[in-house]
Amino acid sequence: MLWRRRYAVCQKGWKNRGRIAKIISGQDMVSDEPAPMGVMEAWVQEFSKESISVQPGPIHAVYNDKHEIMAPIISSELERSLRSMNAKAAPGWDGVTVASLRDPAKREQLFWLLNGAIFMEDVPEAWKRGQTTLIPKVDLPSAPSHYRPITVTSTILRLYHRILAALLAVEAPCSLHQKGFKREGRLCLQPPLAKTPCFLADGKRKTWYQDSHCFTILNGVELRALGPNSFYRYLGIETGATLGSPGVLLTRYRNGLNINRAPLKPQQNIWCVTEVLQPQLQYPLLHGEVKTGWLKREWLTKEGFDLDELPKSAPSDSWDSDWWNSVDGAGCRGSATLPSFSGWVRVGTRLMSGGEFVSAIKLRGNVLSTRSREARGCPERPVLCRHGCQRPETLGHIQQSCPVTHGWRVQRHDKIVTTVCKHLGDRGWEVLREPNIPTLNGLRKPDIVFWNSVQSFVIDVQVCADMRVATPNDAHERKRDYYNTPIIRRWVNEQSGKPPVISSIVMNWQGAWAQASYNTKALGGTVELGKLIKVRMLEDSVRMYRMFCGAGALRNVH
């Protein structure tokens, strides 16, 4: 139950990718656990106490006239403050978000509220309310002191304070002696927490030592010496006199970012490795004092790797050519130049389940189990389609030609068309789906015709076979020639008022785009749409394969 609960927390917060690093490292998991009994009551009692009266010190007025500060807010000040606010900031108890305040339709009401608060020299009582959350400071909190209260007020009040702070910074600047609550970076030395290192060089032995008995007096306060087993941070790398200090840093990352135990989907694990773990480890590994022997003993060996088994040379171009010339990799030939071919693997999409993602990777590599693949090295095993097609059962046959999967192929095509139409409609395009265009050779029915005030397009969608016979570029050229006729161009020009661009959305069943199709401006220049189309196509192809294998035939027939 606990693992499912943490899995639900991860999936719910996956839109905020920055929080995933804390979830994996265990820093944010305990925040979803209920506080122990007595903690909430102790904090309620603490907040119920009367405030301690403090005698204010002498006030030195820096600006006697408050006319400029309390003047009505103008549009430029409001726009500047709204842009500077974090759109992902948590809303207050009223649920008002930064995105809702940025809505132009609510701008006039916002002006009335803010200027009314300035005129009344007070804010509404609702703005003075806050929502307090107890944030754990340790991994296993058990006492009230193990929590840090964070109070979030209304977003409107935070906007109001931001505008006033910007005015005060100009009209009544802070003293140079003030270090806190300023926009500029601050450096504040706290002697009780500071330490001083002392290094001694030995030129004869070409080494250095650390003297832990040395101390420094700063403003009459003795700074503690840095011991030989202590560590300090230099250029972002934790180091010290102990030779194993880089190991301490990497061990912390390894224990904190334990990808194998994270309650995530496989594609999300890949994102965490490439976007979280690898960047955090790359800098200390490159710039820290990490030796091969230690790396083998403390890191790779414990994680199941062996340096002796690693290749001694870098991968060569012959690996690509060998893969593309094989039966499994023929459909991927020439796709290395397309960023969308492998980019979808690392985005950590939530559209697929974990099993579908793994199967999609196998589908792209043409390694899903089929009769033809199971018969390799076993000539006595059957290779013909289990549904009586009298053709070799391969992934290409299942995805493109088997009569059993015909209906699922149509559904896969229609889902891609629906995805593209929704993407274009959300961006203000006028869209016609599958219009009937009369020609001398009969009706022509392209999948999508769309236009805006600048240009128009005619697009047809196709998922073609792999590249052993023809490439996706050939399919793209056939589609373009089929619809690039004077009658169709004139019909679209009458509908949109713009001469159309004839193009297509073509990829093979392994996910390799047609180069001309991927580069077309019909996709709106967005790589995200290309990745979304790829994910939708692979998702439906995996389901088609599963339905084929479970459509009423025995899997192993001899």
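Look up a bit, the structure's there.
The notes below deal with the structure included here. As the structure is a computational prediction, the values presented were derived from the model and not from experiment.

What counts and what doesn't
- Residues numbered from 1 in each chain as written.
- Predicted model: local features only at pLDDT ≥ 70, side-chain atom pairs only at ≥ 80, totals over all residues.
- Heavy atoms only, no water.
- Salt bridge = Lys/Arg side-chain N within 4 Å of Asp/Glu carboxyl O.
- Helix = DSSP H or I, 4+ residues; strand = E, 2+ residues; numbered from the N terminus.
- Buried < 20%, exposed > 50% of the residue type's maximum accessible area, 1.4 Å probe, protein only.
- Contact = heavy atoms within 4.5 Å.
- Polar contact = N/O pair within 3.5 Å; in protein donor to acceptor, adjacent residues only side chain to side chain.
- Pairing = 2+ DSSP bridges.
- Axes fitted to C-alpha atoms, helices over the stretch in contact; angles between N-to-C directions.
- Phe/Tyr/Trp six-rings, centres within 6.5 Å; stacked < 30°, edge-to-face > 60°.
- Lys NZ or Arg CZ within 6 Å of the ring centre and 35° of its normal.
- Core = buried A, V, L, I, M, F, W, Y, C linked by side-chain atoms within 4.5 Å.
- Patch = residues over 30% accessible without salt bridge, like charges linked within 9 Å, V, L, I, M, F, W, Y side chains within 5 Å.
- Areas by Shrake-Rupley, 256 points an atom, 1.4 Å probe, with all protein chains shown as cover.
- Arc of directions from axis to C-beta.
- Parallel < 35°, antiparallel > 145°, perpendicular 65-115°, else oblique.
- Left-handed = near helix turned anticlockwise from the far one by under 90°.
- Nonpolar A, V, L, I, M, F, W, Y, C, P; charged D, E, K, R; others polar.

1. Some points on the pattern of salt bridges
Summed over all chains, the structure comprises 14 salt bridges. We note a salt bridge from D426 to K422, for which the minimum N-O separation is 3.2 Å. With D426 and K422 both in helix 16 (residues 406-426) and four residues apart, this pair spans about one turn of that helix. Residues R480 and E477 are paired through a salt bridge, measuring 2.5 Å at the closest nitrogen-oxygen approach.

2. Re the environment of T349
Position of T349 relative to the elements: it lies in the loop between helix 12 (340-343) and helix 13 (354-364). Among the residues examined, T349 registers a relative accessible area of 10% and is labelled buried. Distance from T349 to W271, taken between C-alpha atoms, is 9.2 Å for residues 78 residues apart in sequence. When neighbours within four sequence positions are excluded, T349 is seen to be in contact with Q267 and V535.

3. What about the side chain of S496?
Assignment of secondary structure puts S496 in helix 18 (residues 486-496). Side-chain polar atoms of S496 contact the backbone oxygen of V492, separated by 2.8 Å. Only 3.2 Å separates the side chain of S496 from the backbone oxygen of K498, close enough to count as a polar contact. Those residues in contact with S496 that sit more than four places away from it in its chain are W451 and S456.

4. Structural notes on the sheet that holds strand 13 (residues 448-451)
What the four strands build is an open sheet, ordered 10-13-14-15; its pairing is mixed. Single-partner strands in this sheet number two, and they are strand 10 (430-433) and strand 15 (500-508). Shown here is a sheet whose adjacent strand axes are inclined to one another by a mean of 20 degrees, direction ignored. Inspection of the sheet shows strand 13 paired to strand 14 (residues 456-464) by four bridges, in the antiparallel sense.

5. Observations concerning the packing of aromatic side chains
If you walk through the whole model with that rule in mind, you get six aromatic pairs. For the pair Y482 and Y483, a centre-to-centre distance of 4.9 Å together with 90 degrees between the ring planes defines the contact as edge-to-face. Y482 sits in the partly exposed class, given a relative accessible area of 40%. Looking at Y483, the relative accessible area reads 6%, which means it is buried. Here the guanidinium or amino end of R129 rests over the ring plane of W93, the centre of that ring lying 3.9 Å away.

6. Thoughts on the nonpolar core
The nonpolar side chains of a soluble globular protein tend to be buried with one another. One finds W344, I448 and I533 to be the most contacted residues of the largest nonpolar core, which totals 37 residues. Of all the secondary-structure elements, those providing two or more residues to this core are helix 13, helix 15 (395-400), helix 16, strand 13, strand 14, strand 15 and helix 20 (527-549). Looking at this core element by element, the count peaks at nine residues for helix 20. The next biggest cluster of nonpolar side chains, apart from the first, holds 19 residues, and it includes M85, V98, A117 and V123.

7. Observations concerning a nonpolar patch on the surface
Together, Y234, L235 and Y283 make up an exposed nonpolar region whose accessible area comes to about 350 Å². Summarising the element assignment, Y234 is placed in strand 8 (residues 231-234). With a relative accessible area of 54%, Y234 lands in the exposed category.

8. Remarks on the sheet that holds strand 3 (residues 195-196)
The sheet built from three strands is open, its strands ordered 3-7-6 with mixed pairing. Only two strands of the sheet have a single neighbouring strand rather than two, namely strand 3 and strand 6 (216-218).

9. Some thoughts on helix 18
The set of residues buried in helix 18 consists of I488, W491, V492 and S496. Angularly, the buried residues of helix 18 cover 115 degrees about the axis, an arc narrow enough to put them on a single face. With respect to the buried face of helix 18, the exposed residues turned more than 90 degrees away are P486 and E494. Two residues or fewer past helix 18, G497 is found with a positive phi of approximately 80 degrees.

10. Quick look at unusual backbone geometry
Peptide bonds are mostly trans, and most non-glycine residues show a negative phi. Its identity is not glycine, yet E121 carries a phi of approximately 55 degrees, on the positive side. Locating E121 in the fold gives a position in the loop between helix 6 (107-120) and strand 1 (130-136). For E121, a relative accessible area of 53% puts it in the exposed group. Phi at E434 takes a positive value of approximately 50 degrees, unusual for a residue other than glycine. Tracing the sequence through the fold places E434 in the loop between strand 10 and strand 11 (437-439). Given a relative accessible area of 27%, E434 falls into the partly exposed group.

11. Let's talk about the packing of helix 6 against helix 7 (residues 155-171)
The geometry of a pair of packed helices is captured by two quantities: the angle between their axes and the separation between those axes. Close contact between helix 6 and helix 7 brings their axes to 11 Å; oriented N to C, the two are set at 60 degrees. With respect to helix 7, the element helix 6 is oriented oblique. You can see that helix 6 and helix 7 cross each other, and the crossing is right-handed. Facing helix 6, whose interface residues are L110, L113, L114, A117 and I118, helix 7 presents I156, L159, Y160 and I163. Here the residues of the contact of helix 6 with helix 7 are counted per class, giving nine nonpolar, no polar and no charged.

12. Some words on the packing of helix 4 (residues 75-84) against helix 6
Axis separation between helix 4 and helix 6 bottoms out at 12 Å; the angle between their running directions is 105 degrees. Taken as axis vectors, helix 4 and helix 6 run roughly perpendicular relative to one another. Across the interface between the two elements, S75, L78, E79 and L82 of helix 4 pack against R107, L110, F111 and L114 of helix 6. The class makeup of the residues in the contact of helix 4 with helix 6 is five nonpolar, one polar and two charged.

13. Quick look at the environment of L538
Within the secondary structure, L538 is located in helix 20. For the pair L538 and W509, spaced 29 residues apart in the sequence, the C-alpha separation amounts to 7.6 Å. Once residues within four sequence positions are removed from consideration, L538 is found in contact with W344, M352, A360, L363, W509 and Q510.

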